[in-house]
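Structural overview
One-letter residues, chain by chain:
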Amino acid sequence: MGKLIIWIIMEANILESLNNASSTSLSVSFLDAITILFASTLAGFIIRFIFFKYGESMSSKRGFGNTILLVTISVASLITVVKSSLALSLGLVGALSVVRFRTAIKEPYNLAFLLLSICIGISLGASQFKFALIVTIIGSFVPIILKKYRDKLEVNSSALDI
């Protein structure tokens, strides 16, 4: 009986803590917001430029490049708002579970650029500026290296197919 009472008290404390955590949210300072938006815009333009220069898309490079830029800014903004509130983050999960994306990305290389921009946006939105810088630099150099050594890489991969 005593264990049951202790369990009920602990359960009530946990529920109260979750309720308090979900109702409180931290506000984002103006300087933090400007820094995150500026950094995400800059990173988005860098990834967009790399996509234009080194991407091998058969479809609209301009349209997909602009999408990369906007996704980077949008994800950074979204994570900035959501990171301070449990209720907002749970609401976001619920909202995104309803949304259906009907447009398939037919080229895996384009998907890689989109995932790179999402990763950078999440890093910047979470104020992980050093990590976002490292991901932007490495993510920019990999397509350059792949394009520069494409012929050598294709010869080596075809030799492995035998």
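Everything quoted here is computed from the prediction, not taken from an experiment.

All right, on to the overall build of the chain then. Along the backbone of the chain there are seven helices and zero strands. Sequence-ordered secondary structure for the chain, helices as α and strands as β, is α-α-α-α-α-α-α. A total of 162 residues make up the chain; the buried ones form 24% of that total. Intrachain contacts of the chain at a sequence separation of at least 6 include 74% that bridge at least 24 residues. Taken as a whole, the chain presents about 11400 Å² of accessible surface, with 71% of it coming from carbon and sulfur.

Now for helix H2 (residues 30-54). Think of an α-helix as 3.6 residues a turn; residues three or four steps apart then line up on the same face. Over its 25 residues, H2 extends 36 Å from the first C-alpha to the last, a length consistent with the 36 Å expected when each residue adds 1.5 Å. In this structure, the buried residues of H2 make contact with helix H3 (61-82), helix H5 (108-125) and helix H6 (129-148).

Let's shift gears to the nonpolar core. Judged by nonpolar contacts, the single largest core of 16 residues is most densely connected at Ile-47, Ile-68, Phe-113, Ile-120 and Leu-124. For this core, the elements supplying multiple residues, two or more each, are H2, H3, H5 and H6. With six residues, H2 is the single largest residue contributor to this core. For Ile-68, the residues in contact, after removing those within four places along its chain, are Ile-47, Arg-48, Phe-51, Phe-113 and Ser-117.

As for its position among the elements, Arg-48 is in helix H2. Comment: no salt bridge for buried Arg-48; closest opposite-charge side chain is Glu-107, at 16 Å. Apart from residues no more than four positions distant in its own chain, Arg-48 is found in contact with Gly-65, Asn-66, Ile-68 and Leu-69.

Attention shifts here to the confidence of the model for the chain. Per-residue confidence for the chain gives a mean pLDDT of 80; residues scoring 70 or more make up 72%. Put simply, helix H1 (residues 2-23) is where the chain has its lowest mean pLDDT, 53, and H2 is where it has its highest, 94.

Turning our eyes to something else, we now look at the packing of aromatic side chains. Scanning all chains against the criterion turns up three aromatic pairs. With centroids separated by 5.3 Å and ring planes inclined at 50 degrees, the aromatic side chains of Phe-51 and Phe-64 adopt a geometry described as tilted. Placement of Phe-51 in helix H2 and of Phe-64 in helix H3 is noted, with a sequence separation of 13 residues between them. Residue class for Phe-51 comes out buried when judged on its relative accessible area of 0%. Its relative accessible area of 14% is what places Phe-64 among the buried residues. Ring geometry for Tyr-109 versus Phe-113: centroids 5.2 Å apart, planes at 85 degrees, classification edge-to-face.

Where H3 contacts H5, the axes come no closer than 7 Å and their chain directions differ by 30 degrees. On the basis of their axis angle, the class for H3 and H5 is roughly parallel. Once H3 is placed against H5, the crossing between them reads as right-handed. From H3, Phe-64, Thr-67, Ile-68, Val-71, Thr-72, Val-75, Ala-76, Ile-79 and Thr-80 reach across to H5, where they touch Asn-110, Phe-113, Leu-114, Ser-117, Ile-118, Ile-120, Gly-121, Ile-122, Leu-124 and Gly-125.

Parameters at a glance
Residues numbered from 1 in each chain as written. Predicted model: local features only at pLDDT ≥ 70, side-chain atom pairs only at ≥ 80, totals over all residues. Heavy atoms only, no water. Helix = DSSP H or I, 4+ residues; strand = E, 2+ residues; numbered from the N terminus. Buried < 20%, exposed > 50% of the residue type's maximum accessible area, 1.4 Å probe, protein only. Contact = heavy atoms within 4.5 Å. Areas by Shrake-Rupley, 256 points an atom, 1.4 Å probe, with all protein chains shown as cover. Expected span 1.5 Å × (residues − 1). Core = buried A, V, L, I, M, F, W, Y, C linked by side-chain atoms within 4.5 Å. Lys, Arg positive; Asp, Glu negative; His and termini not counted. Salt bridge = Lys/Arg side-chain N within 4 Å of Asp/Glu carboxyl O. pLDDT = per-residue confidence, 0-100. Phe/Tyr/Trp six-rings, centres within 6.5 Å; stacked < 30°, edge-to-face > 60°. Axes fitted to C-alpha atoms, helices over the stretch in contact; angles between N-to-C directions. Parallel < 35°, antiparallel > 145°, perpendicular 65-115°, else oblique. Left-handed = near helix turned anticlockwise from the far one by under 90°.

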